[in-house]
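Each chain is listed here by its residues.
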Amino acid sequence: MVTVYPQIVTSADMLKSTIQLEQLIQKLKLNNAKAASITNSRLYGMLPFWHELKKHQIHPVIGLSIKIKLDNHPSSIILYAKNSNGYENILKISSSLETRELSELPIKWLQAYKEGLIVVYKCDDSFTPNTMGELAEIVGPTNLYAGIERPNGIKQEIEVEITSFAEKLSIPITAFHMSRYIEKEDAFAFEVLNAMDQSVKMTDRNRLKPSDHSFHVLSSEEWFDWFSDVPEWLENTEKMLESCQVSFEQPSQYMPKYQLPQSILAKDYLRDLCEEGLKIRVKSISPKYVERLNYELQIIGQMNYEDYFLIVQDFIKFAKQAGILTGPGRGSSASSLVAYSLFITDVDPLEYGLLFERFLNPERITLPDIDIDFADSKRMEVIQYVAEKYGKQNVSQIITFGTLSAKAVAREVARVFGFESSTLEAISSFIPSKLGISLKEAYDQSQKLREFIATEEIRKKWFDVALALEGLPRNASTHAAGVILSPVPLVDVVPIQNGHDDIFLTQWPMKEIEQIGLLKMDFLGLRNLTIIDRILNLINYKKSSQITLDTIPLDDEHTFQLLQNGDATGVFQLESAGMRNALKQIKPTKFEDIVAVNALYRPGPMESIPLYAKRKLGQQAVTYEHPVLEPILKETYGIIVYQEQIMQIASQMAGFTFGEADLLRRAVSKKNREILQKERTHFIEKAKLLGHTEAAASSVYDLIVRFADYGFPKSHAVAYSIISYQMAFLKAHFPVEFYCALLSSATGNQEKINQLLMEMKQKGIKVLPPSIQNSQPYFSVENGAVRFGLQAIKGVSHTFTQKLLQQRVTKTKNWMDIFEFASDLSAIHFTRKNIEPLIKAGALDELKEERATLLATLDPAVKYAELVSPTEENDLFGGDASHFGKSKYIKSDPLPLMIKLQFEKEVLGQYFSEHPTVSVKKTVSERIDNIWDVQQSTKEWKVKIVGLIQEIKRIRTKKGESMAFVTVQDETGSISVILFPEEYTRFNLLLEEQTIIRIEGKSERRNGRTQIITKLISND
């Protein structure tokens, strides 16, 4: 029996179906399906559907479900693409509906885009003869079908009227059925999904329930049973779907064109720009530069990529002219001399031995991929420029879909089931917080989850539904970096919808975009570039001589000293504890050492860090597997660190071209046994032709195999190490500006701010308290110190800060008292909610009143602001405060020190005036160690500290004994203190959060971190 499926809604149509492609294919094959059509309400999931069905010899049909307003009421129709013309029209229809956010297709659009389309009028309860008649007039009776459904095989009364009218107009009738889930048993899970889509609970009265429960994929028997009296309808459905022939088997390449006068060829213009740029970049152009440039331009020309390079250099040029900081390069594009000459990258590939074939390989034709980093705060400006230059219709961002993860689906289904919020929290805690964990894995790993499910039948049902819905697409968002630039209007190639910032968004994600041959470019926002930009602005503010990144030398001793000390907080790529430890071991003395550290610090290769360090410091001899390797591996002390070195080894040892060598590297890294043996034979045979012995060639090949998936692209390591080095240089020479910019970028991350402030204290960098007279919204540099920003005070709103700054600009002198401040800010802004945090933070201390007095006077000051603010009642005075008598301060005794400090911690996240441990330390006669010194020391020694307890974690050992991990803090930092069972029994009663204790013990290094093993605790 031949079976066809005219209306399958897949899960790509978010929250409208539970049908996933893999299960669908299995079902269709089981049912001997001949053809099937995807009919989502948007064109989401269309391309994977087509390719997957084609792969399994099932005829795929492109369809789109929409509503159209005819006869003055909306009707459901399905559009099918009969040919490529019809497919292009479906693209335009879907794009038009989505970009104009219309729920119904206007008639004139159907008239305009009807070519190549088959239209099925779904004859449900909303059927009217007039609608069918109008549709027949618009698309013609040969392209119109009437679709009749029989839910659960039940014949509908309206069929008589429909068939009668269809016969009059010679409109064929098709047997129709919509599938939204695979099996009948999936009906309930779909109903829950439907409730999720409506954002309602299953018990809500307003919930729109599915019209029936027969949205499963029908078996062949069901098709024929349900429509046994009208076999001709089934034949019509088959013929209709078979007549739709659209193919994607020959993908096109849509390479955009750079705008040039007709008389100028792109290849000539590119060469001129490169030659001009190279003169600026390289002081003395040797023959090897000319040879390399010619070679690269020849390859780029062979691949017809000239326009691509011209487009990229153009928007980079715009960014630089607009003062938008761009990265020095990213990925393999940093290995291109053309990119360097065009100022796309700032890495001279010849200086660092970077291979062009790692970027563009003439032996493996692929689209070039130049990813660009921009300061994240200004990235969108560059995308806007590209959209304006090449036309809004030709530029788009890329959609990406979020799916229902284990935790998300568990919570969502529980919410729809009406579980209590406390139960939702419990469910979240039962599922381990492990990236990518599935519900099945969570069930296997979590006893609490298993116990929870076993206790009630409703919970079993909840878990079954959650399993069924796990992994379904949940929401759409914008890809973080990808931008499409097309030489033709996007709607001719891909469906689009509205995005953000007046830029379109594709309806297809990245993989599908690349599948159809559109060019994707990555515009990445890098936070560290924004930080560098802020640092430079702070350094150069009101100075005649300006520091630029170009003027930073790559051989600065202060910078290397800073890195040798592991002083890398805030330094791009180098600030993790492990990376700092690597820097301390390797002790970088040249830029290439930083490149090597960046490449080595990854699982696997990091095992070579101690060896690299010993060989670099002359503590161990440098050895080579074969003499041919010495010139290649000399810079990394005989260790293979980079992919480029693997390519060079294959070239030197076996005469491979760099193109062949790159293919070898890729193939070998896949660890396929058959490929490994085939490539071994190939490598050894070629090496023997160059005079090497089989044993030597075999041992070098083994070396390549061992390091093929360890190797890191040197081009990327060099480019990103430039940012690392620049940040380290700025930290070494301009620490105040460096920390100021870093603190501003960390606003909202209290832990990071505290860490930075603690480090600044150790370096003697003064931090000034927040001030209504002097603070900026974020941290600022003031007389060689850093001033706290107003936005770093918890509870202070952005609008309040803006108003305060606005008032400050218009004032000629500082505020003298709280009432003057209240009058200037007006009642709208001067509220207890805004001012109380400022007082607690010390931002009003310059008014020369105790904080207790300011807090006591706050309500009268708020009242005063209300009196003097312009309102209908006091408009007579135009808000002039002189007509109202000021209240007086309500004098109060100073706040007790601990209360004052607690207030500071509440709004600033830390004890700003003085840490509570400082006064305790003053009373102790014996030597007390600072926590910072304990942390910095690599030796294990007896220590005595005074610390404020921040957190206590009590646990039981395997023997059932109690012990504790206690986090304590002093004015220099915080550290973990361990109480084993014996000490826990003695000192447990002294452990209470926010109390100060004296601890004696032994410091111990574990995994790069220091902790204290407690021997004695006291609180006197």
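On a predicted model such as this, the values are computed, not experimentally measured, just so you know.

Engineer: Looking at this model, I keep getting lost on the sheet that holds strand β20 (residues 973–979). Mind explaining?
Structural biologist: Backbone-to-backbone hydrogen bonds pair the strands of a sheet. The strands run either parallel or antiparallel. If you trace the five strands once around the closed barrel, you get β18-β19-β20-β22-β21, paired in mixed fashion. Taking each pair of neighbouring strands and ignoring which way they run, the sheet shows an average axis angle of 50 degrees. Here strand β18 (residues 942–956) pairs with strand β21 (residues 996–1006) via seven bridges, running antiparallel. Directly across from Leu948, in β21, lies its bridge partner Ile996.

Engineer: Looking at this structure, how should I read empty space enclosed by the protein?
Structural biologist: Unfilled space is identified by rolling a water-sized probe across the atoms. Under the definition given, this model contains one cavity of 30 Å³ or more. By volume, the largest cavity amounts to about 40 Å³. Taken together, Leu600, Arg602, Pro605, Ser608, Ile639, Ile640, Val641, Phe707, Tyr710 and Gly711 make up the full set of residues lining the largest cavity. Here the residues of the lining of the largest cavity are counted per class, giving seven nonpolar, two polar and one charged.

Engineer: What's the story with the pairing of β18 in this structure? I'm lost.
Structural biologist: Remark: a regular strand shows side chains that alternate across the two faces of the sheet. Two strands pair when backbone bridges link them, and β18 and strand β19 (residues 962–970) are joined in this way by eight bridges, in the antiparallel orientation. Looking at β19, one finds that Glu951 is bridged to Thr967. Here β18 folds back onto β19 in antiparallel fashion, the turn holding five residues, of which Gly960 has a positive phi close to 90 degrees.

Engineer: Sorry if this is basic, but what is going on with the environment of Gln546 here?
Structural biologist: Mapped onto the secondary structure, Gln546 falls in the loop between α21 (527–540) and α22 (557–564). Its relative accessible area of 44% is what places Gln546 among the partly exposed residues. Residues Gln546 and Glu866, spaced 320 residues apart in sequence, show a C-alpha to C-alpha distance of 48 Å. A polar side-chain atom of Gln546 sits 3.2 Å from the main-chain carbonyl oxygen of Asn540. Within polar-contact distance, the side chain of Gln546 engages the backbone oxygen of Lys543 at 2.6 Å.

Engineer: Can you walk me through helix α32 (residues 735–745) in this structure?
Structural biologist: Counting buried positions along α32 yields nine of 11 residues, so the element is predominantly enclosed. Here α32 has its buried residues at Val736, Glu737, Phe738, Tyr739, Cys740, Ala741, Leu742, Leu743 and Ser744. On its buried face, α32 sits against α21, α31 (714–733), α33 (750–762), β16 (780–782) and β17 (785–787).

Engineer: What's the story with the side chain of Ser651 in this structure? I'm lost.
Structural biologist: Positionally, Ser651 belongs in helix α27 (residues 643–654). Residues contacting Ser651, with those up to four places away along its chain left out, are Phe656 and Phe658.

Engineer: How should I be thinking about the pattern of salt bridges in this particular structure?
Structural biologist: Opposite charge on two side chains allows them to pair when their charged atoms are near. In total, this model carries 59 salt bridges according to the counting rule given. The shortest N-O distance in the salt bridge between Asp229 and Arg150 comes to 2.7 Å. Note that Asp229 is positioned in the loop between α8 (220–226) and α9 (231–242) and Arg150 in the loop between β6 (144–149) and α6 (159–168), a separation of 79 residues in sequence. For Asp229, a relative accessible area of 42% corresponds to the partly exposed category. Two residues, Lys378 and Asp533, come together in a salt bridge whose shortest N-O distance is 3.7 Å. With Lys378 in the loop between β9 (372–375) and α14 (379–390) and Asp533 in helix α21, this residue pair connects regions lying 155 residues apart in the sequence. The exposure class of Lys378 is partly exposed, given its relative accessible area of 25%. Because the salt bridges share partners, they merge into one network encompassing Arg832, Glu836, Lys840, Asp859 and Glu906.

Engineer: Honestly, the packing of aromatic side chains in this entry has me stumped. Any pointers?
Structural biologist: Two numbers describe a pair of aromatic rings. These are the distance of the centres and the angle of the planes. One pass over the structure, following the stated rule, counts 41 aromatic pairs. Within the aromatic cluster, the residues linked to one another by ring pairs are Phe188, Phe417, Phe419, Phe430, Tyr443, Phe452, Trp462 and Phe463.

Engineer: What's the story with the sheet that holds strand β2 (residues 33–38) in this structure? I'm lost.
Structural biologist: The eight strands are arranged β7-β6-β5-β4-β3-β2-β1-β8 in an open sheet whose pairing can be described as mixed. Looking at which strands have only one partner, the edges of the open sheet turn out to be β7 (173–176) and β8 (178–179). Bridge count between β2 and strand β3 (residues 59–70): four bridges; the pairing is parallel. Bridging across to β3, Ile38 finds its partner in Ile62. Across the sheet, helix α2 (residues 46–55) lies against β2 and β3, angled at about 145 degrees from β3, the strand it touches most. Running over the sheet, helix α3 (residues 84–99) touches β3, β4 (73–81) and β5 (117–122) and is turned about 45 degrees from β3.

What counts, and where the lines are drawn
- Residues numbered from 1 in each chain as written.
- Predicted model: local features only at pLDDT ≥ 70, side-chain atom pairs only at ≥ 80, totals over all residues.
- Heavy atoms only, no water.
- Pairing = 2+ DSSP bridges.
- Helix = DSSP H or I, 4+ residues; strand = E, 2+ residues; numbered from the N terminus.
- Axes fitted to C-alpha atoms, helices over the stretch in contact; angles between N-to-C directions.
- 1 Å grid on protein atoms, 1.4 Å probe; cavity = no way out; pocket = protein on both sides within 12 Å on 5 of 7 lines; lining within 4 Å.
- Points joined across faces, edges and corners; volume = space filled by probe spheres on them.
- Nonpolar A, V, L, I, M, F, W, Y, C, P; charged D, E, K, R; others polar.
- Buried < 20%, exposed > 50% of the residue type's maximum accessible area, 1.4 Å probe, protein only.
- Polar contact = N/O pair within 3.5 Å; in protein donor to acceptor, adjacent residues only side chain to side chain.
- Contact = heavy atoms within 4.5 Å.
- Salt bridge = Lys/Arg side-chain N within 4 Å of Asp/Glu carboxyl O.
- Phe/Tyr/Trp six-rings, centres within 6.5 Å; stacked < 30°, edge-to-face > 60°.

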